[in-house]
Amino acid sequence: MQVLLALFALIVGGLYFTVGLRLGAVTMMPTQMYAAKKEGIYTFRTTEQGNRVGVSGTCVATKGSANFYMLGADGTVQQSASCVPGQPWAINLMAGGPPGFYRLKVEYNNFTGKIDLTEERAGGTY
């Protein structure tokens, strides 16, 4: 049992110092993060011209920053937002246009804090 606990501590420590700890999926539930680095990509699909997809919610940073980019079907940035320490930030990003796969790209820069986002859709049927 002690070996398993030591192994678990090594794994958690390794994650903390490489990509940080991420608990949860950003667009499904409130996600608490500790020293998160690199980026996360979340994909949304539309099937009709003019459909809009995106996210809304809040972000509270205690250290580092998180940058949010809503990418269109062609990969261009349609909207962006940042979350830095200081106050709770409202995140409201939408993208739309031709049918296809839209992406939310989140860049974590040694981010410690909580992100609470929900998926939003508008315009037409899905």
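Data block above holds the structure.
Every value quoted in this text rests on a predicted model; they were computed, and no experiment measured them. (Residues numbered from 1 in each chain as written. Predicted model: local features only at pLDDT ≥ 70, side-chain atom pairs only at ≥ 80, totals over all residues. Heavy atoms only, no water.)

Novice: Sorry if this is basic, but what is going on with the state of the cysteines here?
Specialist: Disulfides are covalent bonds that connect the sulfur atoms of two cysteines. One pass over the full model with this rule turns up 1 disulfide. Shown here is the disulfide that connects Cys59 with Cys83, its sulfur atoms set 2.1 Å apart. On the sign convention where negative means left-handed, the S-S torsion of about -90 degrees between Cys59 and Cys83 marks this disulfide as left-handed. Here Cys59 is found in strand β3 (residues 52-71), whereas its partner Cys83 is found in strand β4 (residues 77-83), with 24 residues between them in sequence. (Disulfide = S-S within 2.5 Å. Helix = DSSP H or I, 4+ residues; strand = E, 2+ residues; numbered from the N terminus.)

Novice: What is the right way to read the packing of aromatic side chains from this model?
Specialist: The geometry of two aromatic rings is summed up by the distance between their centres and the angle between their planes. Summed over all chains, the structure comprises 1 aromatic pair. Residues Tyr108 and Phe111 carry aromatic rings whose centres are separated by 6.3 Å and whose planes lie at 40 degrees to one another, so their mutual orientation is tilted. Here Tyr108 matches Phe111 in class, with each residue buried. (Phe/Tyr/Trp six-rings, centres within 6.5 Å; stacked < 30°, edge-to-face > 60°. Buried < 20%, exposed > 50% of the residue type's maximum accessible area, 1.4 Å probe, protein only.)

Novice: Would you mind showing me how to read the nonpolar core here?
Specialist: Nonpolar side chains in soluble globular proteins generally cluster together in the buried interior. Within the largest apolar cluster, 23 residues are counted, with the highest numbers of intra-cluster contacts made by Phe68, Met70, Leu93, Leu104, Tyr108, Phe111 and Ile115. Contributions of two or more residues to this core are made by β2 (31-46), β3, β4, β5 (89-96) and β6 (100-122). (Core = buried A, V, L, I, M, F, W, Y, C linked by side-chain atoms within 4.5 Å.)

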